[in-house]
Amino acid sequence: MADSARAARLAKRVQVLMAQSLRTVIKDERIDNVTVTDARVTNDLQHATVYYTVFGDDEMKKGIAETLEKRGGALRKELGRNLTIRLTPTLAFVADEIPEGASHLEELLAKAREKDAEVAALREGKDFAGDQDPYKKDEEEEEEEA
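Residues numbered from 1 in each chain as written. Predicted model: local features only at pLDDT ≥ 70, side-chain atom pairs only at ≥ 80, totals over all residues. Heavy atoms only, no water.

Peer 1: Sorry, what's going on with the overall build of the protein chain here?
Peer 2: Within the protein chain, the regular secondary structure consists of five helices and three strands. Taken from the N to the C terminus, the helices and strands of the protein chain come in the order α-β-β-α-α-β-α-α. Each principal axis of the C-alpha atoms in the protein chain carries an extent, and together these give about 85 × 40 × 15 Å. If you take every contact in the protein chain between residues at least 6 apart in sequence, the share linking residues at least 24 apart comes to 59%. Only carbon and sulfur atoms are counted for the fraction: they give 50% of the accessible area of the protein chain, which is about 11,000 Å². (Helix = DSSP H or I, 4+ residues; strand = E, 2+ residues; numbered from the N terminus. Contact = heavy atoms within 4.5 Å. Areas by Shrake-Rupley, 256 points an atom, 1.4 Å probe, with all protein chains shown as cover.)

Written out as structure tokens, the structure is:
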């Protein structure tokens, strides 16, 4: 059984090879919109999961997913030629949803900044209803502060 450090090194190599192989093995102009974002290899080096993103609409994403599944054997063959390990890992392709999640979080943060600006604008020029420090203190502490 391999150690996790070796699996991590192999995952980086798989990521680079898949990015290169997509353009050489798959003869489709849509593949130019695909970016390999990550690869994970199990510790026994038998299975690799390749994460990718697609720049385009939902129809293009669906078409790319079908193409990757259809041409997975050819991509695995190309991977086996370039790796120096005894067994070539099986490939699974997963669409990476992180960019969509990140854009959603950016939208939420922008809304929060707008609300903070509105509250700051409302607060400007206003005074406290009572003292600035509404908590009661002992008379001795007040004398010490003065």
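Peer 1: Please explain the confidence of the model for the protein chain as it appears in this structure.
Peer 2: Predicted coordinates in regions of low pLDDT should not be interpreted in detail. For the protein chain, per-residue confidence averages 84 on the pLDDT scale, and residues scoring 70 or more make up 93% of the total. When mean pLDDT is taken per element in the protein chain, strand β2 (residues 47-54) scores highest with 92 and helix α5 (residues 139-145) scores lowest with 64. (pLDDT = per-residue confidence, 0-100.)

Peer 1: Can you help me understand the side chain of Ser-21 in this one?
Peer 2: Tracing the backbone shows Ser-21 in helix α1 (residues 4-25). Each residue touching Ser-21, except ones within four places of it in the same chain, is listed here: Ile-26, Leu-75 and Glu-78.

Peer 1: Would you mind going over the packing of α1 against helix α3 (residues 72-82) with me for this structure?
Peer 2: At their nearest, the axes of α1 and α3 sit 10 Å apart, and the two run at 125 degrees to each other. Considered as vectors, α1 and α3 are oriented oblique to each other. Between α1 and α3 lies a crossing of right-handed hand. Contacts between α1 and α3 pair Arg-13, Val-14, Leu-17, Met-18, Ser-21, Leu-22 and Val-25 from the former with Ala-74, Leu-75, Glu-78, Leu-79 and Asn-82 from the latter. Tallied by class, residues from the contact of α1 with α3 come to eight nonpolar, two polar and two charged. (Axes fitted to C-alpha atoms, helices over the stretch in contact; angles between N-to-C directions. Parallel < 35°, antiparallel > 145°, perpendicular 65-115°, else oblique. Left-handed = near helix turned anticlockwise from the far one by under 90°. Nonpolar A, V, L, I, M, F, W, Y, C, P; charged D, E, K, R; others polar.)

Peer 1: It is not clear to me how the nonpolar core should be interpreted in this structure. Could you clarify?
Peer 2: Most often, soluble globular proteins have nonpolar side chains that are buried together. Among the nonpolar cores identified, the biggest contains 28 residues, and Val-14, Met-18, Leu-68 and Leu-75 are the most heavily contacted of them. Listing elements by their share of this core, those giving two or more residues are α1, β1 (34-41), β2, α2 (58-70), α3 and β3 (90-95). Among the elements that line this core, the one with the most residues is α1, at eight residues. With residues near it in sequence (within four places) discarded, Leu-68 still touches Leu-22, Ile-26, Ile-31, Tyr-52, Leu-75 and Phe-93. (Core = buried A, V, L, I, M, F, W, Y, C linked by side-chain atoms within 4.5 Å. Buried < 20%, exposed > 50% of the residue type's maximum accessible area, 1.4 Å probe, protein only.)

Peer 1: It is not clear to me how the sheet that holds β1 should be interpreted in this structure. Could you clarify?
Peer 2: Strand pairing within a sheet occurs via backbone hydrogen bonds; the two strands may be parallel or antiparallel. On the basis of which strands lie adjacent, the open sheet formed by three strands has the order β1-β2-β3 and mixed pairing. In this open sheet, the two strands that pair with only one neighbour each are β1 and β3. Sheet twist, expressed as the average angle between the axes of neighbouring strands with direction ignored, equals 25 degrees. Strand direction decides the pairing type here: β1 and β2, joined by seven bridges, are antiparallel. Paired with Arg-40 across the two strands is Thr-49, which belongs to β2. Contacts between α2 and the sheet are confined to β1, β2 and β3, with β2 contributing the most and set at about 155 degrees to the helix. (Pairing = 2+ DSSP bridges.)

Peer 1: Sorry if this is basic, but what is going on with α1 here?
Peer 2: Each α-helix winds once per 3.6 residues, and so residues spaced three or four apart point in a common direction. When the terminal C-alpha atoms of α1 are compared, their 29 Å separation across 22 residues agrees well with the 32 Å that a helix rising 1.5 Å per residue should span. Buried residues of α1: Ala-7, Leu-10, Ala-11, Val-14, Leu-17, Met-18, Ser-21, Leu-22 and Val-25, and no others. Residues of α1 that are buried in the fold lie against β1, β2, α2, α3 and β3. (Expected span 1.5 Å × (residues − 1).)

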